[in-house]
Amino acid sequence: SAVISQKPSRDICQRGTSLTIQCQVDSQVTMMFWYRQQPGQSLTLIATANQGSEATYESGFVIDKFPISRPNLTFSTLTVSNMSPEDSSIYLCSVVLWGYEQYFGPGTRLTVT
Amino acid sequence: KQEVTQIPAALSVPEGENLVLNCSFTDSAIYNLQWFRQDPGKGLTSLLLIQSSQREQTSGRLNASLDKSSGRSTLYIAASQPGDSATYLCAADSGSARQLTFGSGTQLTVLP
């Protein structure tokens, strides 16, 4: 498995501001994903962030709201822009190793007031 | 579009019981089915991955099965322990892009 870290682990932000979440992996991976878990809900895919290509967003998520960077094979960032209370969620990054199995970071718990 | 359902939503059992968690999916053309565990406020821990060509996978007290034709997977936990208390999520990988569709989870409580 891989060691995946996320920063920050949690944050409380005011509406209208932006937060950038970092995801660091201890090995080089091509496939990386960002998911959102709203309170009491399951996980929903935000976007695929494969190195060497533009991020691909799922229906309901747009680049202006959730810009993603993937500068190298071990690192990615997700920004939550112009936040509202509805953005309060746990945001998780994940990676695929050796073709199939997917591993998740510990998550970033975001509260927007 | 793939949809994944988990039943029951919550389950409470006494310690030592064997139990089965159910997962169903609508599109049988899956690549893999992966089971995760999530502790409160934490990320996901991968438990088992079943590839489409496999029928089951085992790890310790856990056994997961996959029946693509019926669109079902089950996670069997033997001799449950209080430390098994968590939310269990199944997720279907339906394409080469490796994107997962998650069920809503089963919240398991094992009573000492």
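Computed from a prediction, not measured in an experiment: that's the story for all the values here.

Definitions and limits used
- Residues numbered from 1 in each chain as written.
- Chains lettered and ligands numbered in written order.
- Predicted model: local features only at pLDDT ≥ 70, side-chain atom pairs only at ≥ 80, totals over all residues.
- Heavy atoms only, no water.
- Helix = DSSP H or I, 4+ residues; strand = E, 2+ residues; numbered from the N terminus.
- Buried < 20%, exposed > 50% of the residue type's maximum accessible area, 1.4 Å probe, protein only.
- Contact = heavy atoms within 4.5 Å.
- Lys, Arg positive; Asp, Glu negative; His and termini not counted.
- Charge placed at Lys NZ, Arg CZ, Asp CG, Glu CD.
- Buried area = accessible area lost by both parts, 1.4 Å probe.
- Salt bridge = Lys/Arg side-chain N within 4 Å of Asp/Glu carboxyl O.
- Polar contact = N/O pair within 3.5 Å; in protein donor to acceptor, adjacent residues only side chain to side chain.
- Nonpolar A, V, L, I, M, F, W, Y, C, P; charged D, E, K, R; others polar.

A.B. asks: Is there a simple way to explain the overall build of chain A in this structure?
C.D. replies: For chain A, the count of helices and strands is 0 helices and 11 strands. Taking the principal axes of the C-alpha coordinates as reference, chain A spans close to 40 × 25 × 20 Å. Taking all 113 residues of chain A together, the buried fraction comes to 49%. Across chain A, contacts joining residues at least 24 apart in sequence account for 53% of those joining residues at least 6 apart. In chain A, which carries 7 positive and 8 negative side-chain charges, the distance between the mean positions of the two groups comes to 8 Å.

A.B. asks: Explain the interface of chain A and chain B here, please?
C.D. replies: Interface size, as often reported, equals the accessible area lost upon joining of the parts. Contacts between the two partners involve 20 residues from chain A, matched on the other side by 20 residues from chain B. Here chain A and chain B share an interface that buries about 1500 Å² over both sides, 54% of which is from carbon and sulfur atoms. Linking chain A to chain B there are 0 salt bridges. Our enumeration of links across chain A and chain B arrives at 8 residue pairs in polar contact (both at pLDDT 80 or more). Mapped onto the side of chain A that touches chain B, the elements with two or more residues apiece are β4 (32-37), β5 (43-48), β9 (89-97) and β10 (101-104) of chain A. Counting residues per element, the side of chain A that touches chain B draws most heavily on β10 of chain A, at 4 residues. The class makeup of the residues in the side of chain A that touches chain B is 11 nonpolar, 6 polar and 3 charged.

A.B. asks: I'm lost on the environment of D93 of chain B in this one. Help?
C.D. replies: All names here are of chain B. The topology assignment puts D93 in strand β9 (residues 86-93). Judged by relative accessible area, which is 2%, D93 ranks as buried. The spacing of D93 and Q51 is 42 residues in sequence and 9.4 Å in space, taken between C-alpha atoms. Residues contacting D93, with those up to four places away along its chain left out, are I30, Y31, N32, R98, Q99 and L100.

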